[in-house]
Amino acid sequence: MTDLGVPAVLSAEQAKAVLLAAPRGYCAGVDRAVITVEKALDLYGAPVYVRKQIVHNKHVVADLESRGAIFVEELDEVPTGATVVFSAHGVSPEVHRQAETRDLKTIDATCPLVTKVHHEARRFASDDYDILLIGHAGHEEVEGTAGEAPEHIQLVQSPDDVASIVVRDPARVAWLSQTTLSVDETLETVAAIRERFPLLLDPPSDDICYATQNRQLAVKEIAHDADLVIVVGSGNSSNSVRLVEVALEAGAKASYRVDDASEIDEAWLDGVAKVSVTSGASVPEELVQGVLAYLAERGYPDAQAVHSAEESLIFALPPELRRDLRLAQRA
């Protein structure tokens with residue numbers, strides 16, 4: 001018998017199996033951000049403007065657009081006095097200043113775990129440390145964190161960048177990271193930094209969020225002997241892209257990211273018995289179910305869930321939205 005309880009001598013068709021990672025999909029920060037836009041639309045009426053994508057998933061964005069949300073790149077696209085939601089990835093103090101100057105009503109849907117990194121950046125800067133921020137250039141979260149102390153922060157994208165780091169005092173260097181990175185790759189970069197700066201100061205707690213870590217651990221569980229790992233998530237979702245990399249590093253023969261089942265190439269299934277499926281932290285569950293339905297139509301059985309962690313964290317809605325919801329209920 002195999003570990004799935006299937007006789008080893010069965011045909012390829014009979015031996016097909018699907019493993020489903022748990023946890024997967026929405027994290028507490030994404031759930032909070034999406035609900036924030038939905039509640040804002042219900043309370044204030046359309047349009048509600050959102051700076052950048054509220055979360056990195058094109059289906060979520062399209063759904064909110066259909067309800068009356070308008071996504072913009074910068075605040076100068078928002079009419080004076082309008083309501084604007086800041087995305088889960090966070091914004092710099094400069095963006096808050098711009099909003100105040102233009103008399104915008106702001107709702108800050110920044111994930112509290114990103115806010116924590118912002119606090120750490122301000123604290124290290126106030127203690128006059130040089131801060132090495134591990135992350136990806138151009139990512140909204142990195143831009144928001146760097147904006148907290150631009151004169152103190154420099155970006156480090158990989159161990160290859162470490163040799164070129166210049167600091168004022170090697171004894172006063174700290175590191176922070178984007179919350180959605182690969183845990184293993186981040187630790188590799190930190191090790192390279194510490195080799196140059198042995199007195200490197202760590203953040204007070206992990207910057208990579210619990211959900212990112214849990215999803216990476218979960219994909220390792222289902223990837224080590226998989227013929228194919230399908231990761232559901234958008235191409236601009238850092239944590240989804242990392243899941244593909246983690247799956248391959250864990251031993252999967254192949255791994256691909258898709259936004260939904262329509263992007264699956266049927267040729268990927270040629271000769272494939274064991275398929276594993278997971279999704280990034282900004283992916284609605286119906287998109288995962290669509291992938292499972294696609295596999296079922298091609299002879300794959302119902303998915304077997306593989307539980308590697310339990311998640312129960314819930315974040316309260318932004319305080320400014322909670323206040324207005326209470327006032328509306330009293331009216």
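Small disclaimer: the values here were computed from a predicted structure and weren't measured. Within each chain, residue numbers correspond to sequence positions counted from 1 in written order. Reporting in this predicted model follows two pLDDT cut-offs: at least 70 for local features of residues, and 80 or more for side-chain atom pairs to be given and counted; totals over whole chains, interfaces and linings ignore these cut-offs and use all residues. Water and hydrogen atoms were dropped before computing side-chain values, which therefore reflect all heavy atoms in the structure.

Visitor: Explain the pairing of strand E2 (residues 48-51) to me, please; I cannot follow it from the model alone.
Guide: Residue burial is assigned from relative accessible area. The probe radius is 1.4 Å, only protein chains are included, and a residue is buried under 20% of its type maximum, exposed over 50%, and partly exposed in between. In this text, helices come from DSSP runs of H or I with a minimum length of four residues, and strands from runs of E with a minimum of two, each type numbered from the N-terminal end. Residues Val48 and Val50 of E2 are buried on one face, and the alternating residues Tyr49 and Arg51, pointing to the opposite face, are buried as well. As defined by bridge partners, E2 adjoins strand E3 (residues 69-72) across 4 bridges and the pair is classed as parallel. Looking across to E3, one finds that tyrosine 49 is bridged to isoleucine 70. Here, a strand pair is defined by DSSP locating no fewer than two bridges between the strands. One ladder, built from 3 bridges, connects E2 with strand E4 (residues 83-86); its direction is parallel. By the bridge assignment for E4, tyrosine 49 is matched with valine 84.

Visitor: When you look at the environment of valine 283 in this model, what are you seeing that I'm missing?
Guide: Looking at where valine 283 falls in the secondary structure, it is placed in the loop between strand E11 (274-279) and helix H9 (285-297). Given the relative accessible area of 1%, valine 283 is considered buried.

Visitor: How should unusual backbone geometry be read in this particular structure?
Guide: Glycine aside, negative phi is the norm for most residues, and most peptide bonds take the trans geometry. Note the cis peptide between alanine 22 and proline 23, where omega equals 10 degrees. Tracing the sequence through the fold places proline 23 in the loop between strand E1 (17-22) and helix H1 (28-44). Proline 47 follows alanine 46 through a cis peptide bond whose omega is 0 degrees. With respect to the helices, strands and loops of the structure, proline 47 is situated in the loop between H1 and E2. For lysine 52, which is not glycine, the phi torsion reads 65 degrees and is therefore positive. Checked against the element boundaries, lysine 52 lands in the loop between E2 and helix H2 (58-67). In this model, aspartate 103 sits at a positive phi of 55 degrees, which is unusual for a non-glycine residue. Turning to its location among the elements, aspartate 103 is positioned in the loop between helix H3 (93-101) and strand E5 (105-108). The class for aspartate 103 is exposed, based on a relative accessible area of 56%.

By themselves, these observations are geometric and do not establish any function.
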